[in-house]
Amino acid sequence: MTKLIKRFTISFCAALLALTTLCANAFAAEPIKASVSGDMGSKRITYSYSVSSKPTQASIGFYTADTANSYLITFSPASGSSATIYFYESFSDKLLDSLTVPIKAGGGMPSSFITSADLGKYKFVYVVIKSNSSSNASGWFTIEGVYSETYIN
């Protein structure tokens, strides 16, 4: 009887640990979501993210226009941990620009910031975001004036 209780306890603890680990991994971070508005040549894409320290790629990228190198980016301070947003050229995987998003602080901090990124002309750009610590980072940013969006496999 004692062996049966020990065996049951060990099996129960192992199953509980496995279930807890799966749930923690499944809900640790959400994929990067994007919403697009505007006409061709003047699109606005808003990305919302909840990412871990593992680099996470957005499923929607974009093409830059032929008229501008610099793109306006509005972003919120990150919740949890600070984050870094990377903009890569798709075919060469060349880093075009990056942005470090500060963590939300106490009172007096604005709810959003505005900066610019130099992404070049005629570029197919994909976005990668990662948390700068072991805790998740959550937030959003909007890039304006891109030519069009595209899905990335």
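Conventions we followed
Residues numbered from 1 in each chain as written. Predicted model: local features only at pLDDT ≥ 70, side-chain atom pairs only at ≥ 80, totals over all residues. Heavy atoms only, no water. Helix = DSSP H or I, 4+ residues; strand = E, 2+ residues; numbered from the N terminus. Buried < 20%, exposed > 50% of the residue type's maximum accessible area, 1.4 Å probe, protein only. Contact = heavy atoms within 4.5 Å. Areas by Shrake-Rupley, 256 points an atom, 1.4 Å probe, with all protein chains shown as cover. Patch = residues over 30% accessible without salt bridge, like charges linked within 9 Å, V, L, I, M, F, W, Y side chains within 5 Å. Salt bridge = Lys/Arg side-chain N within 4 Å of Asp/Glu carboxyl O. Pairing = 2+ DSSP bridges. Polar contact = N/O pair within 3.5 Å; in protein donor to acceptor, adjacent residues only side chain to side chain. Core = buried A, V, L, I, M, F, W, Y, C linked by side-chain atoms within 4.5 Å.

Enquirer: Tell me about the overall build of the chain, residues and numbers included.
Expert: A tally of helices and strands in the chain yields one helix and twelve strands. Each helix and strand of the chain, placed in order from N terminus to C terminus, yields the pattern α-β-β-β-β-β-β-β-β-β-β-β-β. Among the 153 residues that make up the chain, the fraction classed as buried is 34%. The contacts in the chain between residues at least 6 apart in sequence include a share of 78% that link residues at least 24 apart. Approximately 9000 Å² of the chain is accessible, and the part contributed by carbon and sulfur atoms is 58%.

Enquirer: Any chance you could break down a nonpolar patch on the surface for me, citing the residues and the numbers?
Expert: Together, Met-40, Tyr-63 and Tyr-147 make up a nonpolar patch on the protein surface, roughly 320 Å² of accessible area in all. Tracing the sequence through the fold places Tyr-63 in strand β4 (residues 60-63). On the basis of relative accessibility, which here comes to 34%, the residue Tyr-63 falls in the partly exposed class.

Enquirer: Account for unusual backbone geometry, naming residues and giving values.
Expert: Positive phi outside glycine occurs at Asp-93, with the angle close to 55 degrees. With respect to the helices and strands, the residue Asp-93 is situated in the loop between β7 (83-89) and β8 (95-101). With a relative accessible area of 47%, Asp-93 lands in the partly exposed category. Located in the positive-phi region is Tyr-122, a residue other than glycine, with phi close to 55 degrees. Classification of Tyr-122 by relative accessible area gives exposed; the value is 63%.

Enquirer: Report on the pairing of β4, specifying residues and quantitative values.
Expert: Examined bridge by bridge, β4 and strand β12 (residues 148-151) share four bridges and lie antiparallel to one another. Its bridge partner being in β12, Tyr-63 is matched across the sheet by Ser-148. Here two bridges tie β4 to strand β10 (residues 124-131), and the two strands are oriented antiparallel to one another. Opposite Phe-62, over in β10, you have Val-125 as the bridge partner.

Enquirer: Residue-level account of the side chain of Thr-84, with values.
Expert: Relative to the helices and strands, Thr-84 resides in strand β7. A distance of 2.9 Å separates a polar atom in the side chain of Thr-84 from a polar atom in the side chain of Asn-132. If we skip the residues at most four places from it in the chain, Thr-84 touches Ser-98, Leu-99, Thr-100, Val-128, Ile-129, Lys-130 and Asn-132.

Enquirer: Tell me about the environment of Ser-53, residues and numbers included.
Expert: By the secondary structure assignment, Ser-53 is in the loop between β2 (43-51) and β3 (56-57). Sequence separation between Ser-53 and Ser-134 is 81 residues; the distance between their C-alpha atoms is 5.7 Å. The contact partners of Ser-53, leaving out residues within four places of it in the chain, are Lys-130, Ser-131 and Ser-133.

Enquirer: I'd like a rundown of the nonpolar core, residues and numbers included.
Expert: Core analysis: the biggest nonpolar cluster contains 27 residues, and Tyr-49, Phe-62, Phe-87, Phe-141 and Ile-143 have the highest contact counts within it. Only β2, β5 (70-75), β7, β8, β10 and β11 (137-146) provide two or more residues apiece to this core. Sequence-distant contacts of Tyr-49, defined by excluding residues within four places in its chain, comprise Ile-32, Ala-78, Ala-83, Val-101, Ile-129, Ala-137, Ser-138, Gly-139, Trp-140 and Phe-141. Grouped together as the second largest cluster of nonpolar side chains are six residues, Tyr-86, Phe-124, Tyr-126 and Ile-152 included.

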